[in-house]
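Fold and geometry: a report
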Amino acid sequence: MLLNFKSLLELRYLGLCTHLAISRYASKGGGKIDQEVLKQLEEGYKKLTESNSKSLLKKHLTKEIFEKLKTQTTPSFNSTLMHCISSGLCNHDSGMGVYAPDPEAYKVFADLFDPLIEDYHKCFKKTDKQPATKFGKGKDFENLDPDGNFIVSTRVRCGRAVKGFPFNPCLTEQDYGELESKICGAVMTLSGEYKGKYMPLTGMDKCVQEQLIADHFLFKEGDRFLAAAGASRYWPTGRGIFLNDTKNFLVWCNEEDHIRIISMEKGGDLGKVYDRMVGGVEALGKQLEFNRDERLGFLTFCPTNLGTSIRASVHIRLPSLMCQPEEMKKLAEKYRLQIRGTSGEHSEAKDGVHDISNQRRMGLTEYEIIKEMHDGIKGLIEAECKARNS
Ligand code: ARG
(Lines give C-alpha, C1' and ligand atoms only; values in the text may rest on other atoms or scores of the structure.)
Protein backbone atom coordinates (compact mmCIF):
# COMPACT_ATOMS: atom_id res chain seq x y z
CA MET A 1 0.00 0.00 0.00
CA LEU A 2 1.21 3.52 0.65
CA LEU A 3 3.57 3.79 -2.27
CA ASN A 4 5.16 6.96 -3.49
CA PHE A 5 3.21 9.46 -1.48
CA LYS A 6 4.96 12.76 -1.77
CA SER A 7 3.99 14.45 1.43
CA LEU A 8 2.68 13.69 4.84
CA LEU A 9 -0.43 15.55 3.89
CA GLU A 10 -1.30 12.69 1.54
CA LEU A 11 -0.90 10.32 4.44
CA ARG A 12 -3.38 12.37 6.37
CA TYR A 13 -5.82 12.26 3.50
CA LEU A 14 -5.44 8.51 3.41
CA GLY A 15 -7.08 8.62 6.79
CA LEU A 16 -4.24 6.96 8.60
CA CYS A 17 -3.46 9.89 10.71
CA THR A 18 -6.59 11.95 10.77
CA HIS A 19 -5.95 13.58 14.10
CA LEU A 20 -2.68 15.20 13.10
CA ALA A 21 -1.94 17.90 10.62
CA ILE A 22 1.59 16.64 10.48
CA SER A 23 2.35 18.10 7.10
CA ARG A 24 2.44 21.43 8.86
CA TYR A 25 4.47 20.44 11.82
CA ALA A 26 7.63 22.24 10.80
CA SER A 27 8.12 25.21 13.01
CA LYS A 28 8.50 28.68 11.59
CA GLY A 29 11.98 30.15 11.50
CA GLY A 30 13.55 31.82 14.51
CA GLY A 31 13.01 28.94 16.89
CA LYS A 32 9.33 29.82 17.40
CA ILE A 33 6.82 27.05 17.32
CA ASP A 34 3.78 27.37 15.05
CA GLN A 35 0.56 27.65 17.11
CA GLU A 36 -1.15 25.14 14.82
CA VAL A 37 1.65 22.63 15.51
CA LEU A 38 1.27 23.20 19.22
CA LYS A 39 -2.46 22.51 19.00
CA GLN A 40 -1.84 19.29 17.05
CA LEU A 41 0.77 18.25 19.59
CA GLU A 42 -1.63 18.78 22.48
CA GLU A 43 -4.37 16.82 20.74
CA GLY A 44 -2.08 13.99 19.67
CA TYR A 45 -0.58 13.74 23.14
CA LYS A 46 -4.00 13.62 24.79
CA LYS A 47 -5.08 10.79 22.44
CA LEU A 48 -1.90 8.90 23.21
CA THR A 49 -2.32 9.19 26.97
CA GLU A 50 -5.91 7.96 26.68
CA SER A 51 -4.93 5.03 24.45
CA ASN A 52 -3.71 1.61 25.50
CA SER A 53 -0.50 2.04 23.52
CA LYS A 54 2.41 -0.02 24.87
CA SER A 55 5.00 2.23 23.24
CA LEU A 56 8.02 3.50 25.13
CA LEU A 57 6.90 6.96 23.97
CA LYS A 58 3.71 6.68 25.99
CA LYS A 59 5.59 5.24 28.93
CA HIS A 60 8.21 7.99 29.11
CA LEU A 61 6.56 11.15 27.79
CA THR A 62 5.18 12.35 31.10
CA LYS A 63 3.02 15.46 31.31
CA GLU A 64 5.93 17.30 32.89
CA ILE A 65 8.36 16.41 30.10
CA PHE A 66 5.73 17.13 27.46
CA GLU A 67 5.12 20.61 28.88
CA LYS A 68 8.83 21.30 29.01
CA LEU A 69 9.56 20.15 25.46
CA LYS A 70 6.48 21.13 23.49
CA THR A 71 7.80 24.56 22.52
CA GLN A 72 11.47 23.63 22.05
CA THR A 73 13.15 23.65 18.64
CA THR A 74 16.60 22.54 17.47
CA PRO A 75 19.01 25.37 16.61
CA SER A 76 20.00 24.42 13.06
CA PHE A 77 16.83 22.86 11.65
CA ASN A 78 14.01 24.16 13.85
CA SER A 79 12.85 20.62 14.47
CA THR A 80 10.05 20.34 16.98
CA LEU A 81 8.77 17.75 19.42
CA MET A 82 6.20 16.90 16.73
CA HIS A 83 8.99 15.81 14.40
CA CYS A 84 10.26 13.48 17.14
CA ILE A 85 6.98 11.87 18.13
CA SER A 86 4.63 12.07 15.12
CA SER A 87 5.24 8.40 14.28
CA GLY A 88 4.26 7.27 17.76
CA LEU A 89 1.25 9.62 17.83
CA CYS A 90 0.03 8.19 14.51
CA ASN A 91 0.91 4.58 15.30
CA HIS A 92 -0.15 3.62 18.79
CA ASP A 93 1.14 0.10 18.10
CA SER A 94 4.74 1.39 17.92
CA GLY A 95 7.32 -0.25 20.12
CA MET A 96 9.27 3.00 20.45
CA GLY A 97 7.32 5.69 18.59
CA VAL A 98 10.18 8.16 18.41
CA TYR A 99 12.76 9.30 15.81
CA ALA A 100 15.33 12.09 15.83
CA PRO A 101 14.71 14.53 12.97
CA ASP A 102 18.25 15.86 13.16
CA PRO A 103 21.34 15.11 15.28
CA GLU A 104 20.72 18.07 17.61
CA ALA A 105 17.32 16.65 18.58
CA TYR A 106 19.04 14.06 20.78
CA LYS A 107 20.26 16.97 22.95
CA VAL A 108 17.36 19.43 22.76
CA PHE A 109 14.82 16.69 23.47
CA ALA A 110 17.12 14.70 25.77
CA ASP A 111 14.48 14.61 28.53
CA LEU A 112 12.47 12.37 26.24
CA PHE A 113 15.23 10.51 24.37
CA ASP A 114 17.39 9.64 27.38
CA PRO A 115 14.83 7.55 29.30
CA LEU A 116 13.75 5.83 26.07
CA ILE A 117 17.34 5.01 25.21
CA GLU A 118 17.96 3.71 28.72
CA ASP A 119 14.87 1.54 28.57
CA TYR A 120 15.43 0.11 25.07
CA HIS A 121 19.18 -0.49 25.32
CA LYS A 122 18.86 -1.96 28.80
CA CYS A 123 20.58 0.36 31.21
CA PHE A 124 22.40 2.88 29.03
CA LYS A 125 22.02 5.77 31.48
CA LYS A 126 22.24 9.44 30.65
CA THR A 127 25.62 9.53 32.37
CA ASP A 128 26.90 6.58 30.29
CA LYS A 129 29.08 6.89 27.25
CA GLN A 130 29.33 4.64 24.23
CA PRO A 131 32.79 3.01 24.26
CA ALA A 132 35.19 3.65 21.38
CA THR A 133 34.69 1.53 18.28
CA LYS A 134 36.28 -1.90 18.57
CA PHE A 135 35.42 -4.39 15.89
CA GLY A 136 37.76 -7.21 16.88
CA LYS A 137 37.99 -10.31 14.74
CA GLY A 138 35.19 -12.48 13.43
CA LYS A 139 37.33 -15.60 13.73
CA ASP A 140 36.60 -15.60 17.47
CA PHE A 141 33.01 -16.57 16.68
CA GLU A 142 32.52 -20.15 15.67
CA ASN A 143 29.95 -21.18 13.09
CA LEU A 144 26.65 -21.29 15.01
CA ASP A 145 25.25 -24.18 13.00
CA PRO A 146 27.97 -26.10 11.10
CA ASP A 147 25.59 -28.96 10.19
CA GLY A 148 22.88 -26.63 8.89
CA ASN A 149 20.12 -27.92 11.15
CA PHE A 150 18.65 -24.65 12.39
CA ILE A 151 19.99 -21.50 10.75
CA VAL A 152 18.81 -20.58 7.27
CA SER A 153 20.92 -17.44 6.93
CA THR A 154 22.96 -14.89 8.87
CA ARG A 155 23.01 -11.12 8.44
CA VAL A 156 24.93 -8.31 10.13
CA ARG A 157 24.23 -4.66 9.43
CA CYS A 158 25.09 -1.25 10.74
CA GLY A 159 23.85 2.25 10.01
CA ARG A 160 25.79 5.41 9.33
CA ALA A 161 24.90 9.08 8.95
CA VAL A 162 26.96 11.33 6.72
CA LYS A 163 28.32 14.31 8.61
CA GLY A 164 26.76 17.64 7.70
CA PHE A 165 23.28 16.32 6.87
CA PRO A 166 20.19 16.08 9.09
CA PHE A 167 17.95 13.00 9.09
CA ASN A 168 15.01 12.20 6.81
CA PRO A 169 12.36 14.67 8.00
CA CYS A 170 14.71 17.62 7.46
CA LEU A 171 16.32 16.54 4.18
CA THR A 172 15.40 18.57 1.11
CA GLU A 173 14.95 16.93 -2.27
CA GLN A 174 18.34 18.35 -3.19
CA ASP A 175 19.92 16.87 -0.05
CA TYR A 176 18.64 13.43 -1.08
CA GLY A 177 20.32 13.84 -4.45
CA GLU A 178 23.58 15.06 -2.91
CA LEU A 179 23.65 12.29 -0.37
CA GLU A 180 23.00 9.72 -3.07
CA SER A 181 25.85 10.96 -5.24
CA LYS A 182 28.26 10.98 -2.28
CA ILE A 183 27.26 7.48 -1.21
CA CYS A 184 27.20 6.16 -4.75
CA GLY A 185 30.66 7.67 -5.39
CA ALA A 186 31.96 5.93 -2.25
CA VAL A 187 30.54 2.49 -2.99
CA MET A 188 31.85 2.59 -6.54
CA THR A 189 35.42 2.76 -5.17
CA LEU A 190 34.97 -0.63 -3.47
CA SER A 191 37.09 -3.40 -4.94
CA GLY A 192 37.83 -7.11 -4.58
CA GLU A 193 35.00 -9.09 -3.01
CA TYR A 194 33.08 -5.82 -2.51
CA LYS A 195 32.98 -4.80 -6.16
CA GLY A 196 29.43 -4.39 -7.43
CA LYS A 197 26.84 -2.04 -8.82
CA TYR A 198 24.54 0.67 -7.55
CA MET A 199 20.89 0.52 -8.51
CA PRO A 200 18.77 3.62 -7.88
CA LEU A 201 15.17 3.01 -6.92
CA THR A 202 14.07 5.70 -9.33
CA GLY A 203 13.31 3.95 -12.59
CA MET A 204 13.94 0.46 -11.21
CA ASP A 205 12.01 -2.26 -13.04
CA LYS A 206 9.13 -3.45 -10.80
CA CYS A 207 9.99 -7.15 -11.31
CA VAL A 208 13.63 -6.51 -10.39
CA GLN A 209 12.51 -4.57 -7.32
CA GLU A 210 10.11 -7.29 -6.19
CA GLN A 211 12.75 -9.98 -6.63
CA LEU A 212 15.29 -7.96 -4.62
CA ILE A 213 12.72 -7.60 -1.82
CA ALA A 214 11.82 -11.31 -1.95
CA ASP A 215 15.53 -12.19 -1.66
CA HIS A 216 15.71 -9.95 1.45
CA PHE A 217 18.23 -7.68 -0.30
CA LEU A 218 16.11 -4.59 -0.69
CA PHE A 219 14.01 -2.67 1.82
CA LYS A 220 10.25 -2.70 1.45
CA GLU A 221 8.29 0.40 0.53
CA GLY A 222 5.53 2.03 2.51
CA ASP A 223 6.61 1.49 6.14
CA ARG A 224 3.88 3.42 7.97
CA PHE A 225 6.14 4.06 10.99
CA LEU A 226 8.73 5.77 8.80
CA ALA A 227 6.12 7.53 6.70
CA ALA A 228 4.48 9.09 9.74
CA ALA A 229 7.89 10.23 10.91
CA GLY A 230 8.34 12.20 7.69
CA ALA A 231 10.93 9.76 6.36
CA SER A 232 9.31 8.93 3.02
CA ARG A 233 9.24 12.37 1.45
CA TYR A 234 10.29 12.61 -2.22
CA TRP A 235 10.30 8.79 -2.41
CA PRO A 236 12.01 7.20 -4.42
CA THR A 237 14.37 10.15 -5.02
CA GLY A 238 17.84 9.47 -3.64
CA ARG A 239 17.01 5.93 -2.55
CA GLY A 240 18.87 2.94 -3.91
CA ILE A 241 20.84 -0.18 -3.24
CA PHE A 242 24.40 -1.27 -3.95
CA LEU A 243 24.94 -5.00 -4.36
CA ASN A 244 28.30 -6.72 -4.80
CA ASP A 245 28.77 -9.28 -7.57
CA THR A 246 28.60 -12.23 -5.15
CA LYS A 247 25.38 -10.82 -3.62
CA ASN A 248 26.58 -11.08 -0.03
CA PHE A 249 27.39 -7.42 0.64
CA LEU A 250 24.96 -4.54 0.29
CA VAL A 251 24.63 -0.86 0.97
CA TRP A 252 21.23 0.78 1.29
CA CYS A 253 21.07 4.42 0.41
CA ASN A 254 18.65 6.81 2.14
CA GLU A 255 16.14 4.35 3.44
CA GLU A 256 15.74 4.86 7.20
CA ASP A 257 19.36 6.00 7.64
CA HIS A 258 21.61 7.70 5.12
CA ILE A 259 23.57 4.46 4.89
CA ARG A 260 22.97 0.88 5.93
CA ILE A 261 25.89 -1.49 5.40
CA ILE A 262 24.85 -5.13 5.24
CA SER A 263 26.62 -8.46 4.96
CA MET A 264 24.60 -11.66 4.60
CA GLU A 265 24.81 -15.23 3.44
CA LYS A 266 23.19 -18.65 3.84
CA GLY A 267 24.14 -20.68 6.91
CA GLY A 268 25.42 -19.75 10.36
CA ASP A 269 28.99 -18.52 9.87
CA LEU A 270 28.57 -15.36 11.93
CA GLY A 271 32.31 -14.55 12.09
CA LYS A 272 32.67 -14.54 8.33
CA VAL A 273 29.57 -12.43 7.80
CA TYR A 274 30.70 -9.98 10.48
CA ASP A 275 34.21 -9.63 9.05
CA ARG A 276 32.78 -8.84 5.62
CA MET A 277 30.60 -6.08 7.05
CA VAL A 278 33.51 -4.61 9.01
CA GLY A 279 35.73 -4.59 5.90
CA GLY A 280 33.00 -2.74 4.00
CA VAL A 281 32.42 -0.15 6.74
CA GLU A 282 36.12 0.51 7.04
CA ALA A 283 36.52 0.95 3.28
CA LEU A 284 33.55 3.34 3.13
CA GLY A 285 34.85 5.23 6.16
CA LYS A 286 37.86 6.23 4.05
CA GLN A 287 35.54 7.87 1.53
CA LEU A 288 32.89 9.43 3.75
CA GLU A 289 32.85 11.20 7.09
CA PHE A 290 30.41 9.51 9.45
CA ASN A 291 28.54 11.36 12.19
CA ARG A 292 29.54 9.97 15.59
CA ASP A 293 28.62 11.50 18.94
CA GLU A 294 30.97 11.34 21.93
CA ARG A 295 28.28 9.94 24.18
CA LEU A 296 25.75 8.26 21.88
CA GLY A 297 28.13 6.68 19.37
CA PHE A 298 27.10 6.48 15.73
CA LEU A 299 24.11 8.71 15.15
CA THR A 300 21.06 7.20 13.54
CA PHE A 301 17.52 8.35 12.80
CA CYS A 302 15.97 5.87 15.24
CA PRO A 303 17.22 5.74 18.83
CA THR A 304 17.10 1.93 18.74
CA ASN A 305 20.11 1.99 16.42
CA LEU A 306 22.45 4.37 18.24
CA GLY A 307 25.81 3.29 19.66
CA THR A 308 27.29 0.57 17.50
CA SER A 309 24.19 0.61 15.24
CA ILE A 310 24.82 -3.10 14.76
CA ARG A 311 22.05 -5.59 14.30
CA ALA A 312 23.25 -9.15 13.89
CA SER A 313 20.50 -11.60 13.02
CA VAL A 314 19.79 -15.13 11.93
CA HIS A 315 16.82 -16.60 10.14
CA ILE A 316 16.33 -19.64 12.28
CA ARG A 317 14.00 -22.63 12.76
CA LEU A 318 13.38 -23.63 16.35
CA PRO A 319 10.18 -25.67 16.00
CA SER A 320 10.11 -27.23 19.46
CA LEU A 321 10.94 -24.05 21.34
CA MET A 322 8.40 -22.11 19.31
CA CYS A 323 5.71 -24.41 20.72
CA GLN A 324 6.55 -23.00 24.14
CA PRO A 325 6.13 -19.26 23.61
CA GLU A 326 6.49 -18.40 27.29
CA GLU A 327 9.79 -20.24 27.56
CA MET A 328 10.92 -18.65 24.30
CA LYS A 329 10.11 -15.20 25.63
CA LYS A 330 12.00 -15.87 28.84
CA LEU A 331 15.07 -17.05 26.94
CA ALA A 332 14.97 -14.05 24.60
CA GLU A 333 14.95 -11.75 27.62
CA LYS A 334 17.75 -13.65 29.31
CA TYR A 335 19.96 -13.46 26.23
CA ARG A 336 18.76 -9.94 25.29
CA LEU A 337 17.53 -11.07 21.91
CA GLN A 338 14.73 -9.67 19.80
CA ILE A 339 12.42 -11.95 17.82
CA ARG A 340 10.86 -10.73 14.58
CA GLY A 341 8.92 -12.36 11.72
CA THR A 342 10.54 -13.68 8.53
CA SER A 343 10.31 -10.45 6.56
CA GLY A 344 11.69 -8.37 9.38
CA GLU A 345 10.05 -5.95 11.67
CA HIS A 346 6.29 -5.94 12.14
CA SER A 347 6.01 -9.08 9.95
CA GLU A 348 4.79 -12.65 10.52
CA ALA A 349 6.94 -15.77 10.74
CA LYS A 350 6.63 -17.94 7.60
CA ASP A 351 7.24 -21.72 7.74
CA GLY A 352 8.42 -21.40 11.33
CA VAL A 353 11.36 -19.20 10.32
CA HIS A 354 12.03 -16.39 12.77
CA ASP A 355 14.43 -13.49 12.56
CA ILE A 356 16.35 -13.29 15.84
CA SER A 357 18.88 -10.59 16.67
CA ASN A 358 20.61 -8.67 19.42
CA GLN A 359 18.20 -6.20 21.00
CA ARG A 360 20.58 -3.60 22.36
CA ARG A 361 23.17 -1.83 20.27
CA MET A 362 24.58 0.57 22.87
CA GLY A 363 26.87 0.53 25.87
CA LEU A 364 29.02 -2.28 24.45
CA THR A 365 31.68 -2.32 21.76
CA GLU A 366 30.89 -3.76 18.34
CA TYR A 367 32.78 -6.91 19.28
CA GLU A 368 30.81 -7.32 22.51
CA ILE A 369 27.50 -6.81 20.71
CA ILE A 370 28.33 -9.63 18.29
CA LYS A 371 29.45 -11.82 21.16
CA GLU A 372 26.20 -11.20 23.03
CA MET A 373 24.19 -12.22 19.98
CA HIS A 374 26.44 -15.20 19.26
CA ASP A 375 26.15 -16.57 22.79
CA GLY A 376 22.40 -15.96 22.84
CA ILE A 377 21.75 -17.84 19.60
CA LYS A 378 23.98 -20.65 20.83
CA GLY A 379 21.89 -20.78 24.00
CA LEU A 380 18.64 -20.91 22.00
CA ILE A 381 19.91 -23.78 19.85
CA GLU A 382 20.89 -25.70 22.99
CA ALA A 383 17.43 -25.08 24.44
CA GLU A 384 15.85 -26.27 21.17
CA CYS A 385 17.84 -29.53 21.33
CA LYS A 386 16.75 -30.04 24.94
CA ALA A 387 13.10 -29.33 24.09
CA ARG A 388 13.26 -31.89 21.24
CA ASN A 389 14.58 -34.58 23.55
CA SER A 390 12.17 -33.95 26.39
N1 ARG B 1 9.15 3.21 15.05
C2 ARG B 1 8.94 1.80 15.02
C3 ARG B 1 8.34 1.37 16.35
O4 ARG B 1 8.42 2.13 17.28
C5 ARG B 1 10.22 1.04 14.74
C6 ARG B 1 11.27 1.10 15.79
C7 ARG B 1 12.54 0.33 15.56
N8 ARG B 1 12.77 -0.05 14.23
C9 ARG B 1 13.43 0.63 13.30
N10 ARG B 1 13.44 0.18 12.09
N11 ARG B 1 14.03 1.74 13.59
O12 ARG B 1 7.82 0.27 16.46
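Quick caveat: nothing in here was measured; it's all calculated off a predicted structure.

Before going further, it helps to examine the overall build of the protein chain. Across its full length, the protein chain holds 14 helices and ten strands. In summary, the protein chain has a C-alpha radius of gyration of 21 Å against a globular reference of 21 Å for 390 residues, a match within 12%. Overall, the C-alpha framework of the protein chain stretches about 60 × 50 × 40 Å when taken along its three principal axes. Relative to its full complement of 390 residues, the protein chain shows a buried share of 57%.

Taken together, the neighbourhood of the ligand is formed by Ser 94, Gly 95, Met 96, Gly 97, Tyr 99, Phe 225, Glu 256, Cys 302, Thr 304, Asn 305, Glu 345 and His 346. Met 96 has a polar backbone atom sitting 2.7 Å from an oxygen atom of the ligand. Within the backbone of Gly 97, a nitrogen or oxygen atom sits 3.0 Å from an oxygen atom of the ligand. When the ligand is considered free in solution it has 340 Å² of accessible area, and contact with the protein chains removes 91% of it.

Attention shifts here to the sheet that holds strand S10 (residues 353–358). Spatial ordering of the open sheet is given by S2-S3-S4-S5-S1-S8-S10-S9, a layout of eight strands whose pairing is antiparallel. With one partner strand each, in any of the chains shown, strand S2 (196–200) and strand S9 (337–340) form the two edges of the open sheet. Looking at each pair of strands side by side, their axes are set apart by 20° on average, direction ignored. In this structure, strand S3 (residues 240–244) lies alongside strand S4 (residues 249–253), joined through four bridges in antiparallel fashion.

Taken as a whole, the protein chain shows an average pLDDT of 92; of its residues, 92% reach a score of 70 or greater. Every residue in residues 1–16 is under pLDDT 50, and counting partners more than four places away or in other chains gives 31 contacts.

We now examine the nonpolar core. Membership of the largest hydrophobic core comes to 53 residues, with the highest contact counts inside it found for Val 156, Tyr 274, Met 277, Ile 316, Ile 356 and Ile 377. Secondary-structure elements contributing two or more residues to this core are strand S1 (151–160), helix H8 (173–187), S4, strand S5 (259–266), helix H11 (270–285), strand S8 (311–317), helix H13 (325–334) and helix H14 (366–389). Setting aside its immediate chain neighbours within four residues, Tyr 274 contacts Lys 134, Phe 135, Gly 138, Phe 141, Val 156, Ile 310, Glu 366, Tyr 367 and Ile 370. The next biggest cluster of nonpolar side chains, apart from the first, holds 42 residues, and it includes Leu 69, Leu 81, Tyr 99 and Phe 109.

Time to look at the pattern of salt bridges. Going through the model one piece at a time under the given rule, you end up with 25 salt bridges. The salt bridge partner of Asp 114 is Arg 295, with a shortest N-O separation of 2.7 Å. Of this pair, Asp 114 sits in helix H7 (residues 110–120) while Arg 295 sits in the loop between strand S6 (292–293) and strand S7 (297–298); the two residues are 181 residues apart in sequence, bridging distant segments of the chain. Of the residues examined, Asp 114 reaches a relative accessible area of 12% and is grouped as buried. A salt bridge links Lys 330 to Glu 327, with the nearest nitrogen and oxygen atoms 3.9 Å apart. Separated by three residues within a single helix, Lys 330 and Glu 327 lie in helix H13, roughly one turn from each other. You can call Glu 327 partly exposed: its relative accessible area is 30%. Here the salt bridges share partners, and the residues they tie into one network are Glu 42, Lys 63, Glu 67 and Lys 70.

Criteria and cut-off values
- Residues numbered from 1 in each chain as written.
- Predicted model: local features only at pLDDT ≥ 70, side-chain atom pairs only at ≥ 80, totals over all residues.
- Heavy atoms only, no water.
- Helix = DSSP H or I, 4+ residues; strand = E, 2+ residues; numbered from the N terminus.
- Rg over C-alpha atoms; globule rule 2.2 N^0.38 Å.
- Buried < 20%, exposed > 50% of the residue type's maximum accessible area, 1.4 Å probe, protein only.
- Near = heavy atom within 4 Å.
- Polar contact = N/O pair within 3.5 Å; in protein donor to acceptor, adjacent residues only side chain to side chain.
- Areas by Shrake-Rupley, 256 points an atom, 1.4 Å probe, with all protein chains shown as cover.
- Pairing = 2+ DSSP bridges.
- Axes fitted to C-alpha atoms, helices over the stretch in contact; angles between N-to-C directions.
- pLDDT = per-residue confidence, 0-100.
- Contact = heavy atoms within 4.5 Å.
- Core = buried A, V, L, I, M, F, W, Y, C linked by side-chain atoms within 4.5 Å.
- Salt bridge = Lys/Arg side-chain N within 4 Å of Asp/Glu carboxyl O.

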